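# Reading the structure
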Amino acid sequence: MKTPSRLQHRSIALAATFLLVTAVLALSGSSIAPASTSILPPNAIAPTERQRAIARRVGAILEEAHYRHVVIDDKMSSQIFDRYIESLDGQRSYFTTADLKGFEQWRYRFDDMIHSGDVEPGFAIFARFQQVNRERLETALKMLDKEPDWTLDESMEYDRKDAPWPTGTAQLDAIWRKRVKNDALSLLLTGKS
């Protein structure tokens, strides 16, 4: 398999950044998705017509006006998909393998989304991220209700970017329990309760 060149990495990064920026813009300017006409969950942010137009415009600029005349196809779609997931959960501490399996249906649709402006799958992935982010925060706060078990001989993996994805909630809870314990230990070492 051929390794992507530095210019290909930049083009992929540009496209992935576009999708992330579109998702962030969604927080400030999107509407609530109508549940009956959308793949988005109820009360999720939905892309506006302006954001759909921006997706089409960025795609046209990359393919027609960019000096490399980037081809936004299924190959690039897969790379954009991977970068998008990485940008949301690069430490593999929110999504599970089941989430990723559910997202796989859109791996080769990111190119079509950019061309058509139908960016709802990107928003659906982001909606799932928001949901699990809230769940993890609630779990971490509940863990603070009791003192961590300082007698356990264990370690915490700080950099999880190459770790396997958690297979379920139990593994996520274990990751987050160690994070909460690490944060508590850091506070104790600085003289705080």
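Let me sum up the structure you'll find in this document.

## Comments concerning helix α2 (residues 49-65)
In an α-helix there are 3.6 residues to a turn, and that puts residues three or four apart on one side. Here α2 is 17 residues long and its end C-alpha atoms lie 23 Å apart, about the 24 Å a rise of 1.5 Å per residue gives. Burial in α2 covers these residues: Q51, R52, I54, A55, G59 and L62. Take α2 and look down its axis: the buried residues cluster within an arc of 160°, on one side only. Within α2, the exposed residues directed more than 90 degrees away from the buried face are E49, R50, R57, E64 and A65.

## A look at the packing of aromatic side chains
On inspection of all chains with the given rule, the structure shows seven aromatic pairs. Arranged with centres 5.9 Å apart and planes meeting at 80°, the rings of F81 and F110 form a pair that is edge-to-face. In this pair, F81 is assigned in helix α3 (residues 74-89) and F110 in helix α5 (residues 110-116), connecting sequence segments 29 residues apart. Through pairs of rings, three or more aromatic residues link up here, namely Y94, F95, F103, F126, F129 and W176.

Conventions and cut-offs
Residues numbered from 1 in each chain as written. Predicted model: local features only at pLDDT ≥ 70, side-chain atom pairs only at ≥ 80, totals over all residues. Heavy atoms only, no water. Helix = DSSP H or I, 4+ residues; strand = E, 2+ residues; numbered from the N terminus. Expected span 1.5 Å × (residues − 1). Buried < 20%, exposed > 50% of the residue type's maximum accessible area, 1.4 Å probe, protein only. Arc of directions from axis to C-beta. Phe/Tyr/Trp six-rings, centres within 6.5 Å; stacked < 30°, edge-to-face > 60°.

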